[in-house]
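# Results of the structural survey
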Amino acid sequence: MSRTVYVNGEYLPEEDAKISIFDRGFLMADGVYEVTSVLDGKLLDFPGHMTRLARSLGELDMDTPVTDAEMEAIHRELIRANDIDEGLVYLQVTRGAADRDFHYPEGVKPSLVLFTQKKTLTETPAATNGIKVVSIPDIRWGRRDIKTVQLLAPSMGKMAAKAAGADDAWLVEDGFVTEGTSNNAYIVKGGKIITRNLSTDILHGITRAAVLRFAREAQMEVEERPFTIDEAKEADEAFITSASTFVCPVVEIDGAKIGDGTPGPVARRLREIYLEESRKTAT
Ligand SMILES: Cc1ncc(COP(=O)(O)O)c(C=O)c1O
């Protein structure tokens with residue numbers, strides 16, 4: 001069945017939705033995006049996603065296409081129109097359509113596109129069994145804190161992982177793990193949760209912020225610093241976080257079992273807490 005999508009002020013059946021071939025998102029990946037999860041028909045941490053969107057737009061001197069209130073209304077209408085109980089809302093803002101030129105065009109209206117995806121998020125094989133990751137070089141650009149639509153490097157990374165019989169890849173730069181292809185990366189050693197500190201090297205995950213807050217509230221020790229793949233292989237546990245996977249255990253890295261090779265108690269507990277707490281504040 002065709003979805004209802006949103007394009008520049010209009011709600012349309014997906015087959016009728018069109019964007020210019022001159023759109024800079026299409027020609028230059030000159031655009032940013034957000035993915036917000038939906039549980040029980042409600043948005044998880046919507047304000048967090050709007051704050052990061054504003055920051056991404058600001059870093060690229062890109063205009064904000066609609067107010068936060070309008071953006072929320074569009075999310076709600078798409079959830080209603082497409083009957084989304086569990087799934088995702090994808091939103092993308094690009095600088096808009098202009099004749100091809102490297103300089104930013106002036107006076108061009110940004111393009112805004114949103115669509116929904118129905119998806120099981122809570123009860124997944126990955127969450128129950130954990131995932132296997134392989135390490136690969138981080139070949140991305142230097143502003144990973146901006147959530148741009150240039151996703152070829154992570155796409156290549158996921159294909160390399162698949163070819164190696166794994167579920168995903170962790171990216172390594174200068175000997176240290178930056179993050180996963182589409183998630184933040186963590187290890188647990190002696191009860192301490194270790195994850196890379198925020199900088200331009202990684203995306204500032206909305207789920208990361210929530211999970212670290214919940215972990216500290218639950219008196220768990222958190223250390224924000226880089227770690228190596230060797231250290232990860234020796235860890236008691238490993239896991240990833242993202243809006244669509246929440247907290248997902250990692251049970252194997254480069255063929256080495258982590259802990260006893262099954263999801264660890266810290267990752268399982270954090271997933272429970274995250275789901276419980278996020279549901280309370282879902283809107
Ligand atoms: C590279 C990268 N890191 C981390 C994340 C996790 O961010 P969030 O928790 O906001 O989904 C994502 C999500 O798409 C990502 O692409």
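Residues numbered from 1 in each chain as written. Predicted model: local features only at pLDDT ≥ 70, side-chain atom pairs only at ≥ 80, totals over all residues. Heavy atoms only, no water.

### So, the side chain of R144
You can see R144 is positioned in the loop between β7 (131–137) and α5 (152–163). The class of R144 is buried, set by a relative accessible area of 6%. A distance of 2.8 Å separates a polar side-chain atom of R144 from the backbone oxygen of W141. Other than its neighbours up to four places away in sequence, R144 contacts D138, E173, T178, E179, T200, D201, I202 and L203. (Helix = DSSP H or I, 4+ residues; strand = E, 2+ residues; numbered from the N terminus. Buried < 20%, exposed > 50% of the residue type's maximum accessible area, 1.4 Å probe, protein only. Polar contact = N/O pair within 3.5 Å; in protein donor to acceptor, adjacent residues only side chain to side chain. Contact = heavy atoms within 4.5 Å.)

### Side note on the sheet that holds strand β4 (residues 42–43)
Strand order in the open sheet made by the 6 strands is β2-β1-β6-β5-β3-β4, with antiparallel pairing throughout. Edge strands, defined here as strands with exactly one partner in the open sheet, are β2 (10–13) and β4. Direction of pairing for strand β1 (residues 4–7) relative to strand β6 (residues 111–118): antiparallel, over a ladder of 2 bridges. Within the sheet, the bridge partner assigned to V7 lies in β6 and is V113. Against the sheet, helix α2 (residues 46–59) contacts β3 (31–39), β4 and β5 (87–94), and its axis sits at roughly 175° relative to β3. (Pairing = 2+ DSSP bridges. Axes fitted to C-alpha atoms, helices over the stretch in contact; angles between N-to-C directions.)

### Observations regarding the site of the ligand
Neighbouring the ligand are 17 residues; R52, K147, E179, I206 and T207 lie closest to it. Residue K147 places a side-chain N or O atom 2.8 Å away from an oxygen atom belonging to the ligand. More than half of the atoms belonging to the ligand lie within 2 Å of the grid points that define the largest pocket. Going through the elements one at a time, β9 (176–180), α6 (206–217) and β13 (237–242) are the ones with two or more residues in the shell around the ligand. Residues that form the shell around the ligand fall into these classes: 4 nonpolar, 9 polar and 4 charged. (Near = heavy atom within 4 Å. 1 Å grid on protein atoms, 1.4 Å probe; cavity = no way out; pocket = protein on both sides within 12 Å on 5 of 7 lines; lining within 4 Å. Sits in = over half its atoms within 2 Å of the grid points. Nonpolar A, V, L, I, M, F, W, Y, C, P; charged D, E, K, R; others polar.)

### A few points about the environment of S199
Tracing the backbone shows S199 in the loop between β11 (192–195) and α6. Residues S199 and Y186 lie 13 residues apart in sequence; the distance between their C-alpha atoms is 16 Å. Residue contacts for S199: discarding those within four places in its chain leaves D145 and H204. Only 2.9 Å separates the side chain of S199 from the backbone nitrogen of D201, close enough to count as a polar contact.

### A word on the environment of D85
Checked against the element boundaries, D85 lands in the loop between α3 (68–81) and β5. In this structure the C-alpha to C-alpha distance between D85 and L39, which are 46 residues apart in sequence, comes to 6.0 Å. Ignoring any residue separated from it by four or fewer positions in sequence, one finds D85 in contact with V38, L39, D40 and G41.

### Observations regarding the domain arrangement of the protein
Here the protein is described as being made up of domain 1 (4–118) and domain 2 (125–281). Between the C-alpha centres of domain 1 and domain 2 the distance comes to 26 Å. Facing the 21 residues of domain 1 at the interface are 20 residues of domain 2. In total, about 1,800 Å² of surface goes out of reach between domain 1 and domain 2, with carbon and sulfur atoms giving 61% of it. In this assembly, domain 1 and domain 2 are joined by 3 salt bridges. (Domains from an automatic or database assignment. Buried area = accessible area lost by both parts, 1.4 Å probe. Salt bridge = Lys/Arg side-chain N within 4 Å of Asp/Glu carboxyl O.)

### Considering the layout of surface pockets
Roughly 1,200 Å³ of internal volume is contained in the largest pocket. Y33, K158, T181, S182 and N183 are the residues nearest the centre of the largest pocket, which is lined by 50 residues in total. Taken together, the residues of the lining of the largest pocket sort by class into 20 nonpolar, 18 polar and 12 charged. Mapped onto the domain boundaries, the lining of the largest pocket takes at least three residues apiece from domain 1 (4–118) and domain 2 (125–281). (Points joined across faces, edges and corners; volume = space filled by probe spheres on them.)

### Things to note about the nonpolar core
One finds I193, M220, F239, F246, V247, L270 and Y274 to be the most contacted residues of the largest nonpolar core, which totals 28 residues. Residue assignment for this core shows that the elements contributing at least two residues are β3, β5, β10 (184–189), α6, β14 (246–253) and α8 (265–281). Ranked by residue count, the leading element in this core is α8, at 6 residues. Two domains each donate at least three residues to this core, and these are domain 1 (4–118) and domain 2 (125–281). Ignoring anything within four residues of it in the chain, the contact list for F246 reads S37, L39, L44, L121, T122, T207, I240, T241, R271, Y274 and L275. (Core = buried A, V, L, I, M, F, W, Y, C linked by side-chain atoms within 4.5 Å.)

### What to know about the side chain of E237
In this fold, E237 is placed in strand β13. There is no salt bridge for the buried E237, and the closest opposite charge comes from R268, which lies 7.1 Å off by N-O distance. Among all residues touching E237, those that are not within four sequence positions of it are I187, V188, I258, G264, P265, V266 and A267. (Lys, Arg positive; Asp, Glu negative; His and termini not counted.)

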